[in-house]
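Architecture and fold: a report
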Amino acid sequence: MKKTSNLKFRNQSALGWLLLLPSFIILGIFVFYPMLKTFFLSTQLTDLMGNPIKFIGFKNFSNLFTSDSFMTSFTITLIFVFFSTLLTLVLAYLMAMSASQKMTGIAVFRTMFSSTMGVSVTVASILWLFMFNPQIGMFSKILTFLHLPQINFLSDPTWSLVAIIGTTVWMNLGFAFLILLGAIQAIPQDLYQVADLDGASWLMRLRKITLPATSPTIFFVTVVTLINAFQTFGQVDILTSGGPDYHTNLLVYAIYQDAFVNHSVGRASAQSVILTIIIMLFTMIQFYVKNRKGANYANE
């Protein structure tokens, strides 16, 4: 009987590994191999075709941290990620709370708020390119109507990053809104009814019921939005091409420039490794903070 049970367990295990095999193959080809190849190339001096010529260790990394252009891209990326993630979360949460109310016609607003999910990066970037146009753009017309000086958002070093942040927030709002709306609507209404009987204010209900109940979803949306922000490329390429004067040259766009324009594959690979490490560190910090909060709630 025991031998039969062990044989059945081995057969089930073999079947499980067999079913996982296609996933392992796909991940190996499209994820793990490129990661290992990128790290390998980051330690190499490469020719114009990207072929390794000579092993140089971590010289590509040391050159990056003494490069003004890389440090500018690094700083700009952190500023961009912070504000785009924060604004996306705050606006999406406020929109989700508003759209969770029971009133006539609210479905129209839910559709409007989530509509950005159906717009591709290219189409959205071209749309905003026209809106930022200093001659025919919507923002130019608004400034003229208000008798304010004209601003060339995409050519002004002060405003170009603001334009990229605004475009990115608009593009990410639909997804964040839908996820947060589902989390808010899943909160049992009995909790709010009890809070109303106790005379709790709107702010108290938000702090004691809504935010704690939706905190796992907020964490998920934060991680996804943060990673997407670090990987921003399309809107930068179409709107500013990294300019003016590197003020929107985010790390992903800098990697593209070094790899496919400057043909410096080793330098681009080193930047890719650094970007991967940064994303991992931020994600680990978020998980650590989430676990600490969960432990505090459990102790309370």
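Here the residue numbering is sequential within each chain, running from 1 through the sequence in written order. At least 70 in pLDDT is required for a residue's local features to be given in this predicted model, at least 80 for side-chain atom pairs to be given and counted, and no such filter applies to totals for whole chains, interfaces and linings, which use all residues. Excluding hydrogens and water, the side-chain figures rest on all heavy atoms present in the structure.

Put simply, DSSP H or I for four residues or longer makes a helix, DSSP E for two residues or longer makes a strand, and each gets a number counted from the N terminus. On a plain count of helices and strands, the chain comes out with 12 helices and two strands. Ordered by position from N to C terminus, the α and β elements of the chain give α-β-β-α-α-α-α-α-α-α-α-α-α-α. Taking 2.2 N^0.38 as the reference for a compact globule, 300 residues should give roughly 19 Å; the C-alpha atoms of the chain span a radius of gyration of 25 Å, well beyond that estimate. With the principal axes as the frame, the chain shows a C-alpha extent of 90 × 75 × 35 Å. The classification of residues rests on relative accessible area computed with a 1.4 Å probe and restricted to protein chains. Under 20% of the type maximum is buried, over 50% is exposed, and intermediate values are partly exposed. Across the 300 residues in the chain, those meeting the buried criterion constitute 36%. With the model as given, the accessible surface of the chain reaches about 18400 Å², and the carbon-plus-sulfur share is 70%. Our radius of gyration is a C-alpha quantity, and the globule rule it is checked against amounts to 2.2 Å times the number of residues to the power 0.38. The Shrake-Rupley method, run with a 1.4 Å probe sphere, supplies the accessible areas, and residue values consider only the shown protein chains as cover.

Here the focus is the UniProt feature "domain: ABC transmembrane type-1" (unreviewed entry) in the chain. Taking the numbering used here, the UniProt-annotated feature "domain: ABC transmembrane type-1" (unreviewed entry) corresponds to residues 70-286. Here residues 70-286 runs as 74% helix and 0% strand, with 26 Å between its end C-alpha atoms. UniProt positions are given in the numbering used here, feature names are shortened, and annotations may be inferred rather than shown by experiment.

The omega torsion across Gly243 and Pro244 is -5 degrees, close enough to zero to call that bond cis. In this structure, Pro244 sits in the loop between α10 (234-239) and α11 (251-261). Phi angles above zero are rare outside glycine, and His147 is one such case at about 60 degrees. By the element assignment, His147 lies in the loop between α6 (138-145) and α7 (160-185). Phi angles above zero are rare outside glycine, and Asp245 is one such case at about 55 degrees.

A separate point is the environment of Thr225. Mapped onto the elements, Thr225 comes out in helix α9 (residues 202-230). Here Thr225 falls in the buried class, since its relative accessible area comes to 5%. Sequence separation between Thr225 and Ser84 is 141 residues; the distance between their C-alpha atoms is 8.4 Å.

Let us look at the pattern of salt bridges. The rule for a salt bridge is simple: a side-chain nitrogen of Lys or Arg has to be within 4 Å of a carboxyl oxygen of Asp or Glu. Enumeration according to the criterion identifies one salt bridge in this entry. A salt bridge links Arg267 to Asp258; the nearest nitrogen and oxygen atoms lie 3.0 Å apart.

A few words on the pairing of strand β2 (residues 52-55). Here three bridges tie strand β1 (residues 44-46) to β2, and the two strands are oriented antiparallel to one another. Pairing of Leu45 across the sheet is with Lys54, part of β2. When DSSP finds two or more bridges between a pair of strands, those strands are recorded as paired.

Attention now moves to the nonpolar core. For our purposes a nonpolar core is just a set of buried Ala, Val, Leu, Ile, Met, Phe, Trp, Tyr and Cys residues, chained together by side-chain atoms within 4.5 Å. Core analysis: the largest hydrophobic core is formed by 51 residues, its most contacted members being Phe80, Phe230 and Leu275. Listed by contribution, the elements that provide at least two residues to this core are α2 (59-65), α3 (68-99), α5 (121-131), α7, α9, α10, α11 and α12 (265-299). Note on contacts: a residue pair qualifies if any of its non-hydrogen atoms lie within 4.5 Å across the two residues. In contact with Leu275, not counting residues within four places along its chain, are Phe230, Leu251, Val252 and Ile255.

Our next topic: the packing of aromatic side chains. For Phe, Tyr and Trp, where Trp contributes only its six-membered ring, two rings pair if their centres lie within 6.5 Å, and the inter-plane angle classes them as stacked under 30 degrees, edge-to-face over 60, or tilted in between. Per the counting criterion, the structure on display carries 20 aromatic pairs. Here the aromatic rings of Tyr253 and Tyr256 are separated by 5.6 Å at their centres, their planes lie at 45 degrees, and the arrangement is tilted. Taken together, the residues Tyr253 and Tyr256, both in helix α11 and three residues apart, mark about one turn of the helix. Residue class for Tyr256 comes out partly exposed when judged on its relative accessible area of 29%. Taking the centre distance of 5.9 Å and the plane angle of 40 degrees together, the rings of Tyr256 and Phe260 count as tilted. Residue Tyr256 and its partner Phe260 are located together in helix α11, separated by four residues, close to a single helical turn.

This paragraph deals with the side chain of Thr210. By the secondary structure assignment, Thr210 is in helix α9. For Thr210, a relative accessible area of 5% gives the class buried.

All right, on to the environment of Ser98 then. Structurally, the position occupied by Ser98 is in helix α3. Sequence separation of Ser98 and Arg110 is 12 residues, and the distance between their C-alpha atoms is 9.3 Å.

With that settled, consider the UniProt feature "transmembrane region" (unreviewed entry) in the chain. UniProt annotation of "transmembrane region" (unreviewed entry) refers to residues 12-33, 70-95, 107-131, 159-188, 209-230 and 268-289 when read in the numbering used here. Between the end C-alpha atoms of residues 70-95 there is a gap of 37 Å, over a span that is 100% helix and 0% strand. In residues 107-131, helix accounts for 76% and strand for 0%; the two terminal C-alpha atoms are 27 Å from one another.

When two helices pack together, their arrangement is given by the angle between the helix axes and the distance between those axes. Every axis corresponds to a line fitted to the C-alpha atoms, with the helix fit spanning only the stretch in contact, and the corresponding angles, defined between N-to-C directions, vary from 0 to 180 degrees. For the pair α3 and α7, interaxial distance at closest approach is 7 Å and the crossing angle is 40 degrees. The pairing of α3 with α7 is recorded here as oblique in orientation. Of the two possible hands of crossing, α3 and α7 adopt the one that is right-handed. Amino acids are sorted into nonpolar (Ala, Val, Leu, Ile, Met, Phe, Trp, Tyr, Cys and Pro), charged (Asp, Glu, Lys and Arg) and polar (every other residue, Gly among them). A per-class count over the contact of α3 with α7 returns 23 nonpolar, four polar and no charged. Should an angle fall under 35 degrees it is taken as roughly parallel, and over 145 as roughly antiparallel, whereas 65 to 115 is taken as roughly perpendicular and any remaining angle as oblique. The sense of a crossing depends on the near helix, which, turned anticlockwise from the far helix by less than a right angle, makes the crossing left-handed and, turned clockwise, makes it right-handed.

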